[in-house]
Amino acid sequence: MILVDFIVSRFNYWIYIILMMMGLFAMIAKKNLIKKLIGMSIFQTAIILFFVSIGVKEGSTIPILAHEAAHDPAHQQAAPLTEKGEGHIQNGKGRDALRAEDYANPLPHVLMLTAIVVGVATLGVGLAVVQKLHQEFGSIEEPEILAKIDSDDG
Amino acid sequence: METVVSSKPLLATLVSLLVVGPIILSRRRPNLRESWTFLAGFIKLGIVLSMLPIILEGGVIEWTLWEILPGLALAFRVDGLGMLFALVASTLWIVTSLYSIGYMRRMKEHSQTRFFAFFAVALSATLGVAFSANLLTMYLFYEMLSLSTYPLVTHHQDREARAGGRTYLTYLLGTSVAFALPAMIYTYMKSGGSMEFVSGGFLAGSVSGGEATVLLILFVFGFAKAGVMPFHSWLPAAMVAPTPVSALLHAVAVVKVGVFCVLRVITGVFGVDFLASLGAATVIVWLASITVLAASLLALTQDNLKRRLAFSTISQLSYIVLGAAMLSESALTGSIMHIAMHAMGKITLFFCAGAIFVATGKKYVSEMDGIGWRMPFTMFAYLLGALSIIGLPPFGGAWSKWFLFLGSVETHNIYLTLVLAISSLLNIAYLLPVAVRAFYVPPGKGNTKIDLHEAPTACVIPLTLTAFGCLALFLFPEILLSLARLMGEPS
Amino acid sequence: MNMILNIACLGLLTIGIIIFFGAAIGVLRFPDFYSRMHAAGLCDTMSTICLLMGLALYQMHDLSLPNLLVVGKIFFIVAFISLTGPTSTHALIHAGYQRRNRPPIRDSKAKEGSE
Amino acid sequence: MYPLISFSLLLLVWVIFSGKFDWFHLTLGVFSAAFVTYFSADMYFTDRKIGIVERLGQLVRFSRYLVWLTYQIFLANLYVLRLALWPNGMSEIDPRIVRIKTYLRSNYARYVLANSITLTPGTITMKIEEDILFVHAISRKAAESLDGEMERRIAAVFESPTK
Amino acid sequence: MRALGTIAVILTGALLLYASGDFPAWGEPYSPANDSRVSRHYILKSFEETSVPNMVTAVLADYRSYDTLFETVVIFTAGIAIISILRGPVDKRVRLRRASEKSLRQSNLILAQTCRLLVPVIQMFALYVIAHGHHSPGGGFQGGVIFGASLILVALSFQLQTALDRISEKRAMILAGIGVLIYSGIGLTCVLLGSNFLDYSVLSKVLPLSAIEARSYGILGVETGVAFTVTAIMFAIYANLSSHGRMKGGL
Amino acid sequence: MVDQYPAIVLLAPFFAAIAVSLLGNWKSGFCLPLTVLSLVISLMSSIALLGQVAESGEVVYLLGGWPRPYGIEFRVDPLNGLLLVVICTIALLSSIYSIRAAAVETPDKCPQFYTLYLLLVTGLLGMSMTGDAFNLYVLVEVASLTSYALIAMRSKRAVLASFNYIIMGTIGASFYLLGVGYLYMKTGSLNMVDIREVLLESGLYTSETILVAFMMIMVGVWIKMAFFPLHGWLPNAYSYAPSTASCVLAPLVTKVTVYVMIRMMFTVFGPEYVFVYLGWSDVVVWMAIVAILAGSILALAQTDLKKMLSYLIVAEVGYMVGGVWLANETALVGAIYHVISDAFMTLCLFLAAGAIITKTGKYCIKDMEGLFRKMPWTMVGFVIAALSMIGIPPTCGFFSKWYLINGGIEAGNWGYVAALLISSLINAILFFRVIEVAYFKKESTDSDKEETVSGSSGVGEPPLTMLGPLLVTAVCLLLIGIFNQEIVILIRQAVSSFGPLGFIG
Amino acid sequence: MIWQFNLIILGFLIMAAIMSLKVTDLLSASMIFGIYSFLMCLLWAAMGAVDVAFTEAAVGAGASTVFLVATVYSTKRKSSD
Amino acid sequence: MVFLTCGILLFLLALLVLLRVIIGPTAIDRIVAVNMVGTQTTVLLILMGILFSRVDMFVDFALTYALLNFIGSLAAARYLLRTKPLRDTKITVVEVERG
């Protein structure tokens with residue numbers, strides 16, 4: 001159990017490093033431009049993974065205030081099924097007993113929304129550039145394009 | 001010592017800069033254009049002369065513009081040394097202007113407007129150096145001079161000019177950035193944020209002997225316009241310029257700015273006494289001595305007259321550096337006077353070389369057989385100038401040589417005396433043969449066909465004037481002497 | 001009542017998972033693209049529907065309005081999936097066919113001859 | 001008329017989605033529904049000749065058909081599961097393509113037919129060209145299940161009055 | 001390149017691994033980030049201050065609305081960028097491998113019908129997501145993407161032209177501009193009403209609302225702006241990318 | 001209205017960008033006046049803001065009215081106040097310049113071009129004002145995306161350059177983001193000042209996470225500013241970009257990133273962490289030395305004018321990074337002053353290069369013979385900028401070098417001093433190579449007559465809209481040099497607010 | 001957070017990432033990138049970041065993948081690595 | 001617990017499908033498998049909603065997913081339809097049956 005604890009407590013961080021390094025490697029070493037862009041997206045999502053991992057709290061729920069759910073007995077009934085898996089998700093507290101520990105940290109989520117948007121925007125622009133390169137050089141492989149440029153010069 | 005606050009130094013500096021605009025605007029009317037030059041020249045000379053009495057009385061004129069770096073202002077200050085230099089430069093500008101009109105028009109040179117415009121800028125820079133009150137201001141004008149003379153040097157815009165100009169700038173700009181700038185900054189830091197020239201130096205006590213030596217060497221090399229070997233080769237290279245340029249700039253303005261800066265550094269930054277106490281100037285003394293001899297020997301081997309004169313200049317400049325580095329009062333006086341004396345002599349020689357070229361198209365010494373009697377004024381003036389440079393009485397050069405010898409004796413350094421003596425002999429050996437050939441060797445066959453006659457009047461008049469100037473300087477050296485003495489006096 | 005719901009829910013979930021298991025095995029085992037398509041496209045849809053139904057039933061433990069709405073939304077999902085599932089299956093198989101990716105057909109010659 | 005129906009349908013969708021019944025959200029819903037109606041209501045009810053009553057009838061019949069279809073789908077699923085899971089299931093695979101000429105006329109009916117065929121595992125509609133459907137069947141048995149029962153039922157739903 | 005990549009990866013990876021030893025455990029509720037006053041404030045006070053139960057929306061569109069403004073601008077920029085990159089001098093370009101024109105005109109019956117059924121509902125759903133960003137996950141951006149996706153769906157199951165008939169690229173760009181304008185306009189209104197940029201509470205001066213409600217409605221307005229931009233740009237990007245910037249043919 | 005200056009500075013170009021994109025489609029004549037107008041407004045208010053800052057110290061503008069650390073704030077101190085003025089001025093000048101160039105280089109994309117242009121300026125302004133570490137990332141991305149697009153608007157190689165820029169830029173920005181993430185993880189805050197406070201309070205200086213955060217941020221920023229081994233994207237991107245775009249990209253992007261580095265080092269981590277605790281300043285300075293030398297030498301190897309200038313930027317970045325990391329006040333002042341002066345120098349050079357290229361169509365240095373005769377005023381501008389790059393007084397280049405060398409000597413780092421001097425010398429060679437070619441006519445050959453005919457007919461002075469900004473910039477170079485005291489006083493005011501710098505304190 | 005899901009998804013993620021970078025067919029790569037992105041979506045959901053998950057769902061399924069496919073369509077499908 | 005197990009099972013099954021993605025010889029195989037995983041995601045999302053006891057929140061993007069996953073596969077199918085010219089449209093008919 002200690003081992004599990006140890007793995008769980010670090011696993012996210014390891015995986016994000018692995019993903020990030022894969023993305024980085026693809027961005028630098030792949031020859032195909034679209035592959036590079038896929039690598040770029042993986043790279044960015046890895047960072048998003050890191051950020052979201054920061055904001056996780058054990059036993060917390062999603063960062064949306066449950067004041068409506070608070071008056072809803074369904075969730076108290078639903079508790080038995082989830083209890084074992086989840087330790088103590090406790091919602092039925094209502095607004096009066098709002099505790100910061102019950103909700104995941106919203107700030108990383110906000111930041112990552114922005115980061116995702118930036119990611120998709122960059123991907124879009126990157127893809128447009130790739131298309132333009134294909135128009136200009138008829139290829140999307142970096143070495144081929146470089147060779148074309150050299151032959152244009154020579 | 002009386003300190004006068006006056007904007008005159010600034011005006012004197014700016015007047016030729018201000019005239020650049022009118023010169024460019026009137027580019028279509030050469031006569032008007034040239035008259036602007038003269039106007040500026042006379043105004044400039046007038047302003048400089050008007051300051052003379054105060055200086056002679058031992059006063060100083062100061063004018064501060066604004067602070068450009070912490071504790072450092074763009075400031076002007078006129079003292080004996082600067083006055084002397086300014087006097088020489090502004091007088092000779094007028095003469096040279098006259099000469100260059102004759103030269104340029106006769107040679108039908110292109111881009112005359114540009115020529116005169118940059119000439120004026122260069123003069124401004126020269127006066128700026130002469131009047132600058134601190135190292136930074138001096139550096140500023142020094143660089144301005146390097147840059148503004150570049151178009152003049154490369155005036156012909158041919159391959160030769162390009163190569164010459166390249167060497168010219170590489171040396172001047174390179175050394176100033178690589179050596180002078182760091183030396184300046186180091187000085188600035190060591191002195192605690194001051195770079196004001198003070199007689200007796202402001203570095204005294206704040207640097208060690210080793211540092212002082214290194215700094216001094218950096219300064220001497222950094223102001224490569226002084227032509228101390230091994231940074232001398234820009235000067236022969238710059239001889240591709242039209243002769244008026246060579247005459248004024250490479251006999252008077254540019255090179256003298258170099259030695260002037262060295263003098264300033266030695267007297268104003270380090271202080272003679274301080275250097276003497278450290279013994280830091282010895283290296284400079286030897287460098288200068290070597291330059292004197294080596295340049296003289298090299299001059300002997302040159303066939304191109306202008307190049308020969310250029311090497312001669314290098315050698316003569318090192319006299320001045322040497323004189324300053326000897327750190328004795330007489331030597332200093334001698335070297336300051338030599339600025340004026342050499343200027344007058346050398347400009348005459350260059351004028352002559354130009355005149356010969358204008359009249360006959362000859363550049364080489366070996367071609368000049370027998371031209372003496374065809375262009376008597378020119379060659380006679382050449383003779384006078386040469387004698388002045390050699391240092392024979394009754395010509396101005398004799399005074400400065402005399403003081404230099406005196407100084408070398410004062411330092412009890414027999415080798416220096418020997419160096420001076422040998423170099424004087426060498427002077428004779430490379431300068432006089434031209435005159436001898438011109439007057440005594442009959443013209444060779446190839447040259448007879450060319451119709452030889454005197455150079456244009458506008459060329460002849462200036463060279464005659466300067467030749468007589470050499471004579472006059474011998475007869476009336478008092479003003480110069482007293483100006484030079486002002487510096488030599490211990491503070 | 002809750003008991004029945006729970007059992008129904010569990011049953012539906014089990015069925016869904018079994019169907020999905022079949023689909024997964026089918027996708028792995030079937031020899032060619034077309035037959036895999038049969039397993040993937042359809043069993044998948046079915047299993048999803050089953051699972052969703054099961055979850056919807058669980059949600060009906062308590063018949064409050066918000067929960068009913070959630071159930072409504074789950075039904076929406078079911079509807080969508082049963083619309084999009086066949087459509088995308090069709091689109092894919094159509095595309096595969098148009099690319100002259102001929103289905104391997106046993107005894108095709110004999111049959112063709114007969115036509 | 002039809003835009004209005006679309007509008008109310010969309011509003012219904014909104015209400016199910018929203019689950020908020022305060023005036024503010026309902027107003028938003030009305031705006032949204034109006035906007036979507038304006039923007040893409042032409043997607044619905046392409047054939048505007050059919051009356052509304054008729055449509056309602058279709059709806060009722062269609063739901064009955066759905067029940068039957070679900071049952072069929074369930075059966076067919078079991079069949080494919082058997083193919084996939086039974087060790088000898090593989091041997092039964094005998095793909096073939098079946099061409100069906102349908103008598104259904106309206107696009108919608110054909111669409112329902114095609115999707116129903118696809119939904120019943122073992123058969124997938126590959127292509128529709130006018131009234132001809134190309135169906136890929138995974139085995140002989142699956143092919144045999146296309147016996148026209150389904151088509152009849154669909155016809156009953158959508159085209160019975162005209163017949 | 002490979003070697004360079006490997007080196008970079010190994011170096012960075014080692015560095016990051018080194019740092020990860022110092023991290024608080026995953027899911028630790030009292031880690032510095034989770035227990036900081038910023039995070040606590042957002043969780044505990046955001047409903048009081050903005051009356052928005054979804055903290056993410058509250059933080060996104062109010063506390064950090066300036067970020068979000070520029071997030072929108074990023075999207076807007078991407079749209080303009082793609083247009084400006086792909087729209088070249090017409091013709092003289094690599095010929096696309098095109099399917100026969102005939103099949104382009106005919107659309108597949110099944111796809112078309114599914115699309116007809118789905119698109120309005122998707123759009124409704126998108127609008128719902130935009131409007132309910134306060135109470136449930138979602139908001140302007142997500143709704144906008146979904147709306148944009150519905151247009152993409154139209155283009156995919158009919159033709160690009162069909163979708164462009166609904167909203168041309170030019171209109172889309174204008175719409176995107178309007179979206180950003182709505183967002184920043186609300187911000188500017190706040191300035192004109194004498195408060196700081198994007199301080200919605202001051203809207204209560206002109207609307208019959210309390211300051212907190214004003215924040216809530218300000219957020220809605222802002223989200224609407226985001227949605228406009230995102231919808232338009234997503235579609236514009238797709239239209240450009242799929243047709244090589246020529247707005248015809250295409251995927 | 002007075003309190004709103006920070007907002008106005010940013011919003012003027014921002015709203016103009018939207019307006020241009022909306023109105024431009026309708027009538028493209030609107031683009032330019034709007035651009036210029038908005039930049040003028042922005043410039044005026046940034047000057048007013050600077051005045052305010054100089055008078056009363058830091059100005060804080062709370063966006064959304066949320067106090068620190070809950071909301072985002074603008075913090076304007078003399079340092080970024082100056083930078084704002086610089087950005088606005090440069091943007092204004094190059095927008096005037098763009099009147100002709102944009103029409104030639106990006107025909108029928110006018111609205112897009114100006115929208116991107118204004119958004120780029122907005123991004124840069126935002127980057128320099130914001131007091132929030134994450135917000136900085138967003139604005140970096142705004143600026144980057146616009147730069148990618150601006151570069152890729154040209155064809156052929158520019159597109160490949162843009163692609164490489166996208167890849168490198170994204171790596172850089174992501175590293176930065178990751179660094180911010182690490183900081184956030186440890187401090188729980190995103191506000192720069194607040195992060196600093198938490199770092200100090202909780203004694204986090206020994207934490208590995210903070211160390212790696214610092215390294216990540218630095219590497220990210222270095223990639224963005226093209227610090228030497230990471231400079232790969234820059235030369236191609238800037239030299240193949242449309243000339244108007246490169247006129248605003250080249251001077252501003254790297255400089256603003258240097259500002260970001262300074263902000264990160266001094267405001268977020270604090271000099272005591274960077275210099276005292278880490279103590280790597282020597283390593284970085286040596287890297288900067290390599291950067292300076294490598295940049296200069298690579299520039300020497302170029303035959304293409306704009307490419308040469310681009311490599312020079314790499315060298316200049318080395319100056320600034322070195323200056324900042326020398327860890328003393330003089331050098332820091334020098335570095336910041338160099339940020340300002342280098343922005344103008346680069347602008348001037350790129351404006352001149354752009355003018356030359358648009359008028360003659362020649363890219364190679366060796367094709368530029370006789371330009372002094374054909375376009376004297378352009379060359380005057382070029383020469384002044386060149387002198388400034390070399391470091392000739394009274395241009396501003398001299399003074400920035402002055403402070404930098406002073407700082408180098410003060411820190412006892414002679415390598416840096418030597419590198420500066422050597423690079424100045426190389427600059428001299430570089431520029432006089434160009435000037436020489438431009439000054440001399442081509443060696444007369446057989447085709448002499450044709451040369452003169454084509455030379456006299458085709459090429460002349462560029463139009464006033466190109467020449468004006470060029471000359472104004474040239475004058476600015478002189479003015480910044482001559483009145484460097486005023487600027488330096490402001491910079492010192494900012495620097496002193498950073499607290500004692502490492503070794504001295 | 002649901003750490004059990006979390007672990008599984010992370011494992012899958014690695015697989016998906018490797019696959020999408022390994023496959024030489026760009027269309028497949030785009031589709032696998034689609035898987036990657038919805039695994040991410042699940043991951044965010046498992047970590048309680050619903051808004052992020054929502055965005056990722058919308059972007060990953062509705063935008064990124066389609067953009068990639070569109071680009072592959074107008075360029076080339078085969079990749080050299 | 002039931003739901004957790006159910007989710008884990010679904011994940012494990014998805015692994016099988018992913019296997020097809022990995023070995024899938026042609027793109028279509030992969031797309032089919034991707035589509036399948038995508039559909040399964042919907043269920044998983046709702047499962048998570050139940051585990052978090054916040055189904056009302058999760059159902060929204062399960063819905064999104066159901067709607068948008070379709071677009072991805074559709075795009076791929078469109079791609080395959082469009083890229084090659086349709087030269088031979090004659091279909092080999094194996095067996096004809098009249099409905």
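Residues numbered from 1 in each chain as written. Chains lettered and ligands numbered in written order. Predicted model: local features only at pLDDT ≥ 70, side-chain atom pairs only at ≥ 80, totals over all residues. Heavy atoms only, no water.

Caption draft 1: Examining the overall build of chain G more closely. The helix and strand inventory of chain G stands at 3 helices and 0 strands. Expressed along its principal axes, the backbone C-alpha trace of chain G runs to roughly 40 × 20 × 10 Å. The buried share among the 81 residues of chain G stands at 88%. In chain G, of all internal contacts separated by at least 6 residues, the share reaching a separation of at least 24 is 65%. For chain G, the exposed area adds up to about 1200 Å²; of that, 72% sits on carbon and sulfur atoms. The average position of the 4 basic charges and that of the 4 acidic charges among the side chains of chain G differ by 16 Å. (Helix = DSSP H or I, 4+ residues; strand = E, 2+ residues; numbered from the N terminus. Buried < 20%, exposed > 50% of the residue type's maximum accessible area, 1.4 Å probe, protein only. Contact = heavy atoms within 4.5 Å. Areas by Shrake-Rupley, 256 points an atom, 1.4 Å probe, with all protein chains shown as cover. Lys, Arg positive; Asp, Glu negative; His and termini not counted. Charge placed at Lys NZ, Arg CZ, Asp CG, Glu CD.)

Caption draft 2: Structural context of the overall build of chain D. Along its length, chain D carries 6 helices and 3 strands. The C-alpha radius of gyration computed for chain D amounts to 20 Å, which surpasses the reference 15 Å derived for 163 residues by more than 25%, pointing to a less compact arrangement than a globule. In terms of principal-axis extent, the alpha carbons of chain D reach across some 60 × 40 × 25 Å. Pairs at least 24 apart in sequence give 65% of the contacts found in chain D among residues at least 6 apart. Carbon and sulfur atoms make up 66% of the accessible area of chain D, which amounts to about 7800 Å² in all. (Rg over C-alpha atoms; globule rule 2.2 N^0.38 Å.)

Caption draft 3: The side chain of E:Ser150, seen in detail. Its location among the elements puts E:Ser150 in helix H7 (residues 140–157). Excluding anything up to four places from it in sequence, E:Ser150 contacts E:Val119, E:Ile122 and E:Gln123.

Caption draft 4: Quick peek at the sheet that holds strand S2 (residues 60–69) of chain B. All names here are of chain B. Reading across the sheet, the 3 strands line up as S1-S2-S3 and stay open at both edges, with mixed pairing between neighbours. The strands lining the two open edges of the sheet, one partner per strand, are strand S1 (3–5) and strand S3 (72–78). Between one strand axis and the next, the sheet turns through 35° on average, direction left out of account. With 3 bridges joining them, S1 and S2 adopt parallel strand pairing. If you follow Val5 over to S2, its bridge partner there is Glu62. The sheet strands contacting helix H1 (residues 8–18) are S2 and S3, and the helix crosses S3 at an angle near 90°. In the packing of helix H6 (residues 135–153) onto the sheet, the strands contacted are S2 and S3, and the crossing angle to S3 comes to about 85°. (Pairing = 2+ DSSP bridges. Axes fitted to C-alpha atoms, helices over the stretch in contact; angles between N-to-C directions.)

Caption draft 5: Spatial organisation of the side chain of F:Thr244. The topology assignment puts F:Thr244 in helix H10 (residues 243–269). Assessed through its relative accessible area of 1%, F:Thr244 is described here as buried.

Caption draft 6: Structural context of the nonpolar core. Membership of the largest hydrophobic core comes to 750 residues, with the highest contact counts inside it found for A:Leu19, B:Phe270, F:Trp325, F:Trp402 and G:Trp44. Broken down by element, this core gets its largest block of residues, 20 residues, from helix H3 (residues 55–83) of chain H. Each of two domains, domain 1 (2–40) and domain 2 (52–158) of chain D, supplies a minimum of three residues to this core. Contact partners of G:Trp44, with chain neighbours within four places excluded, come to A:Thr45, A:Ile48, A:Leu49, A:Val52, G:Ala49, G:Val52, G:Ala53 and G:Glu56. The next biggest cluster of nonpolar side chains, apart from the first, holds 7 residues, and it includes A:Ala100, E:Ile43, E:Phe47 and E:Met55. (Core = buried A, V, L, I, M, F, W, Y, C linked by side-chain atoms within 4.5 Å. Domains from an automatic or database assignment.)

Caption draft 7: Spotlight on the pattern of salt bridges. Scanning the entire structure with this criterion turns up 23 salt bridges over all chains. When the shortest N-O distance is used, the salt bridge between E:Asp199 and E:Arg215 registers 2.9 Å. Of the two residues, E:Asp199 sits in the loop between helix H9 (169–192) and helix H10 (211–243) while E:Arg215 sits in helix H10, which places them 16 residues apart along the sequence. One exposure class covers both E:Asp199 and E:Arg215, and it is buried. We note a salt bridge from F:Arg75 to F:Glu73, for which the minimum N-O separation is 2.8 Å. Residue classification places F:Glu73 among the buried positions, given a relative accessible area of 2%. Overlapping salt bridges bring together B:Glu62, B:Arg77, B:Asp79 and B:Arg264 as one network. (Salt bridge = Lys/Arg side-chain N within 4 Å of Asp/Glu carboxyl O.)

Caption draft 8: Inspection of the packing of helix H4 (residues 107–119) of chain D against helix H6 (residues 109–131) of chain E at higher detail. For the pair H4(D) and H6(E), the least separation of the axes is 10 Å and the interaxial angle reads 100°. Between H4(D) and H6(E), the crossing angle belongs to the class labelled roughly perpendicular. In this structure, H4(D) uses D:Asn107, D:Tyr108, D:Arg110, D:Tyr111, D:Ala114 and D:Asn115 to contact H6(E), whose residues at the interface are E:Leu109, E:Ile110, E:Gln113, E:Thr114 and E:Leu117. Among the residues forming the contact of H4(D) with H6(E), the class breakdown is 6 nonpolar, 4 polar and 1 charged. (Parallel < 35°, antiparallel > 145°, perpendicular 65-115°, else oblique. Nonpolar A, V, L, I, M, F, W, Y, C, P; charged D, E, K, R; others polar.)

Caption draft 9: View of the packing of helix H2 (residues 31–56) of chain F against helix H4 (residues 110–129) of chain F. Residues and elements named next belong to chain F. Close contact between H2 and H4 brings their axes to 10 Å; oriented N to C, the two are set at 15°. With respect to their mutual orientation, H2 and H4 come out roughly parallel. The interaxial crossing formed by H2 with H4 has left-handed handedness. Between H2 and H4, the residues in contact are Cys31, Leu32, Thr35, Ser38, Leu39 and Ser42 and Cys110, Pro111, Tyr114, Tyr117, Leu118, Val121 and Leu125, respectively. For the contact of H2 with H4, the class distribution of residues is 10 nonpolar, 3 polar and no charged. (Left-handed = near helix turned anticlockwise from the far one by under 90°.)

Caption draft 10: View of the interface of chain A and chain E. Across the contact, 53 residues belong to chain A and 57 residues belong to chain E. Of the roughly 5100 Å² buried at the junction of chain A and chain E (both faces included), carbon and sulfur atoms supply 73%. The tally of links from chain A across to chain E stands at 0 salt bridges. Linking chain A with chain E are 11 residue pairs in polar contact (both at pLDDT 80 or more). Contributing elements (two or more residues each) for the side of chain A that touches chain E: helix H1 (2–29), helix H2 (33–54) and helix H5 (106–137) of chain A. Among the elements that make up the side of chain A that touches chain E, the one with the highest residue count is H5(A) (20 residues). (Buried area = accessible area lost by both parts, 1.4 Å probe. Polar contact = N/O pair within 3.5 Å; in protein donor to acceptor, adjacent residues only side chain to side chain.)

Caption draft 11: Spotlight on the packing of aromatic side chains. All names here are of chain F. Evaluated as defined, the whole model comprises 76 aromatic pairs over all chains. Aromatic pair Tyr205 and Tyr277: ring centres 6.4 Å apart, planes at 35°, arrangement tilted. Of the two residues, Tyr205 sits in the loop between helix H7 (192–201) and helix H8 (208–225) while Tyr277 sits in helix H11 (residues 271–278), which places them 72 residues apart along the sequence. Tyr277 gets classed as partly exposed once you look at its relative accessible area, which sits at 40%. By the ring-pair criterion, three or more aromatic residues cluster together here, those being Tyr205, Phe214, Trp222, Phe227, Phe266, Phe269, Tyr273, Phe275, Tyr277, Trp280 and Trp325. (Phe/Tyr/Trp six-rings, centres within 6.5 Å; stacked < 30°, edge-to-face > 60°.)

Caption draft 12: Up close: the pairing of strand S2 (residues 123–129) of chain D. Residues and elements named next belong to chain D. In terms of burial, S2 is largely enclosed, as 6 of its 7 residues are buried. When S2 meets strand S3 (residues 132–137), the two strands line up antiparallel, connected through 6 bridges. What sits directly across from Thr123, in S3, is Ala137. Remark: 2 residues form the turn of the hairpin made by S2 and S3, two consecutive strands paired antiparallel; Glu130 in that turn has positive phi of roughly 50°.

Caption draft 13: Looking closely at the environment of A:Met20. Its location among the elements puts A:Met20 in helix H1. Sequence-wise, A:Met20 and A:Ala46 are 26 residues apart; in three dimensions their C-alpha atoms are separated by 5.2 Å. With near-sequence residues (within four places) excluded, A:Met20 lies in contact with A:Phe43, A:Ala46, A:Ile47, E:Leu16, F:Phe175 and F:Leu178.

Caption draft 14: Layout of the domain arrangement of chain D. Here chain D is described as being made up of domain 1 (2–40) and domain 2 (52–158). Distance between the C-alpha centres of domain 1 of chain D and domain 2 of chain D: 34 Å.

Caption draft 15: Looking closely at the environment of C:Arg29. Residues and elements named next belong to chain C. For Arg29, the position within the fold is in helix H1 (residues 2–29). The exposure class assigned to Arg29 is partly exposed, which follows from its relative accessible area of 33%. Sequence-wise, Arg29 and Ala39 are 10 residues apart; in three dimensions their C-alpha atoms are separated by 9.8 Å.

Caption draft 16: The state of the cysteines, seen in detail. Taken as a whole, this structure holds 0 disulfides over all chains when the rule is applied. This cysteine, B:Cys470, is not joined by any disulfide, and B:Cys352 carries the nearest cysteine sulfur, 9.7 Å off. For B:Cys470, a relative accessible area of 1% puts it in the buried group. Of the cysteine sulfurs around C:Cys50, a residue in no disulfide, the closest is that of C:Cys43, at 11 Å. A residue is classified by how much of its surface remains accessible, and C:Cys50, at 6% relative accessible area, is buried. (Disulfide = S-S within 2.5 Å.)

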